[in-house]
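What the coordinates show
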Amino acid sequence: MNVVEGNGARIPAIGLGTWELSGRPAARVVEQALRLGYRHIDTAQVYDNEREVGDGLRASGVRRDDVFLTTKVWTNHFMAKDLERSAKESLARLRLTEVDLLLLHWPNSHVPLAETLGALSHARQMGLTRHIGVSNFTVALIEQAVAACPEPLACDQVEYHPYLHQADVIEACRRHGMAFVAYSPIAKGRVKGDRALARIGDRYRKSAAQVCLRWLVQQNVAAIPRTSRVERLSENIDIFDFELSEDDMREISAIGRADAR
Ligand code: NDP
């Protein structure tokens, strides 16, 4: 599996998103994904499925060390006194001793960024997470965060797909050695009906979703598509046996609109 590097973190290029997956089906999808070769799972405190993600991880039989697991702290736990407790509660639900990546889920202007980043770094120093990062940070916030954070940030996780361009944020991440992780990477399923992506895919015997995911990883971006269906788990990871041409890459990039969030 290709990896995307971010300040020491090696993030598998395709991961499983788990937003809106819950209960036993969530555990089953995580288990299946790992059995099919996924090595990166994305969850969050606020998804209310950390327990099931942990169950799926153990049921898969895949070694803990072989899986890159991300969770996120919600914005109501950004004060120093709350963040450590929140991270420990996530670990208790996951039944793990550490995660691979702990992210600030969303900016919160009501708590000083330096305070939150100090607490996040402290969580890493305590061994609660191997790496730390942010999510939904703009270029300006990345600059502030890099300046204020005592430890390197591994990534920014941001919405990115052919209908929503993020060139400026990607550039800011690269400048600071951070990985860029694309969420909603298939535009919440909308790319399925995209005629341009389907036409390109016909040439490689790939679906529109596979072309979209390949377009992301060829930019050295990690992507975390979510699915509740086993057949799509295989589809979404089966993108490492073909390469889009430069013309294809340009054509897909030209689909983008600035207003598609
Ligand atoms: P995605 O872009 O991953 O799209 C998910 C939707 O696409 C589902 O409805 C799924 O339906 C469908 N789908 C999946 N695979 C295919 C396929 N091959 N062909 C056609 N349709 C498909 O959307 P998300 O918003 O879930 O983003 C992915 C992940 O990113 C989240 O699950 C979460 O982990 C993370 N995220 C992070 C955020 C943040 O603030 N940091 C915000 C939003 C998401 P079905 O289940 O029926 O297959």
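Predicted model only: the values in this text are computed from it and were never measured.

To continue, consider the packing of helix α3 (residues 80–94) against helix α4 (residues 113–125). The interhelical angle for the contact between α3 and α4, taken along N-to-C directions, is 35°, at an axis separation of 9 Å. At the point where α3 passes α4, the crossing takes the right-handed sense. For the pair formed by α3 and α4, the contact residues are A80, L83 and E84 on the first element and E115, T116, A119, L120, H122 and A123 on the second. For the contact of α3 with α4, the per-class residue count stands at 5 nonpolar, 2 polar and 2 charged.

Residues in contact with the ligand amount to 29 residues; listed here are only the nearest, D42, R226, T227, S228 and R232. Here an oxygen atom of the ligand and a backbone polar atom of A187 are 3.4 Å apart. Between the ligand and N236 there is a distance of 2.8 Å, counted from a nitrogen atom to a side-chain nitrogen or oxygen. Expressed as a share of its isolated accessible area of 900 Å², the protein-covered part of the ligand is 90%. Ranked by the residues each element gives to the shell around the ligand, the list is headed by helix α9 (residues 230–237), at 3 residues. The residue makeup of the shell around the ligand, split by class, is 10 nonpolar, 11 polar and 8 charged.

Before going further, it helps to spend a moment on the pattern of salt bridges. Applying the stated rule across the entire model yields 23 salt bridges. One salt bridge connects K72 with D42, and the closest N-O pair in it is separated by 2.6 Å. Taken as a pair, K72 in strand β5 (residues 68–73) and D42 in strand β4 (residues 40–42) lie far apart in primary sequence, 30 residues in all. Residue class for D42 comes out buried when judged on its relative accessible area of 2%.

Bringing the nonpolar core into the picture now. With 87 residues, the main nonpolar core has I11 and F180 as its most contacted residues. Of all the elements, helix α8 (residues 208–217) adds the most residues to this core, at 8 residues. Every residue in contact with I11, bar those within four places of it in the chain, is listed here: N2, V3, V4, H40, F68, L101, C155, A179, V181 and A222.

This brings us to helix α10 (residues 246–253). Along α10, the residues classified as buried are D248, M249 and I252. Mapping the buried residues of α10 onto a view down its axis gives an arc of 100°, with all of them on the same face. Away from its buried face, by an angle of more than 90 degrees, α10 presents the exposed residues E246, D247 and R250. Where α10 is buried, its residues touch α7 (195–204) and α8.

Of all the 10 residues making up α8, 10 are buried; the element is thus mostly covered by neighbouring parts of the structure. Of the positions making up α8, those classed as buried are A208, A209, Q210, V211, C212, L213, R214, W215, L216 and V217. The inward-facing, buried residues of α8 abut β9 (179–183), α7, β10 (222–223), α9 and α10.

Turning our eyes to something else, we now look at the packing of α7 against α10. Two elements in contact, α7 and α10, have axes separated by 10 Å at closest approach and are oriented at 165°. By the angle class used here, α7 and α10 are roughly antiparallel. Seen from above, α7 lies across α10 with left-handed handedness. Contact with α7, carried on its side by A196, L197, R199, I200, R203 and Y204, involves D248, E251 and I252 of α10 and no other residues of that element. Looking at the contact of α7 with α10 residue by residue, the class counts come to 5 nonpolar, no polar and 4 charged.

Burial along strand β1 (residues 3–6) is one-sided: V4 and G6 are buried, while V3 and E5, pointing the other way, are not. One ladder, built from 4 bridges, connects β1 with strand β2 (residues 9–12); its direction is antiparallel. Note that in β2 the partner of V3 across the bridge is P12. The hairpin formed by β1 and β2 contains 2 residues between the paired strands, and N7 there has a positive phi angle of roughly 45°.

This brings us to the side chain of K72. By relative accessible area, K72 is classed as buried at 1%. Of the polar contacts made by the side chain of K72, one reaches the side chain of D42; its length is 2.6 Å. Beyond its immediate chain neighbours, meaning those up to four positions away, K72 contacts D42, T43, A44, Q45, Y47, L103, H105 and Q157.

Criteria and cut-off values
Residues numbered from 1 in each chain as written. Predicted model: local features only at pLDDT ≥ 70, side-chain atom pairs only at ≥ 80, totals over all residues. Heavy atoms only, no water. Axes fitted to C-alpha atoms, helices over the stretch in contact; angles between N-to-C directions. Helix = DSSP H or I, 4+ residues; strand = E, 2+ residues; numbered from the N terminus. Left-handed = near helix turned anticlockwise from the far one by under 90°. Contact = heavy atoms within 4.5 Å. Nonpolar A, V, L, I, M, F, W, Y, C, P; charged D, E, K, R; others polar. Near = heavy atom within 4 Å. Polar contact = N/O pair within 3.5 Å; in protein donor to acceptor, adjacent residues only side chain to side chain. Areas by Shrake-Rupley, 256 points an atom, 1.4 Å probe, with all protein chains shown as cover. Salt bridge = Lys/Arg side-chain N within 4 Å of Asp/Glu carboxyl O. Buried < 20%, exposed > 50% of the residue type's maximum accessible area, 1.4 Å probe, protein only. Core = buried A, V, L, I, M, F, W, Y, C linked by side-chain atoms within 4.5 Å. Arc of directions from axis to C-beta. Parallel < 35°, antiparallel > 145°, perpendicular 65-115°, else oblique. Pairing = 2+ DSSP bridges.

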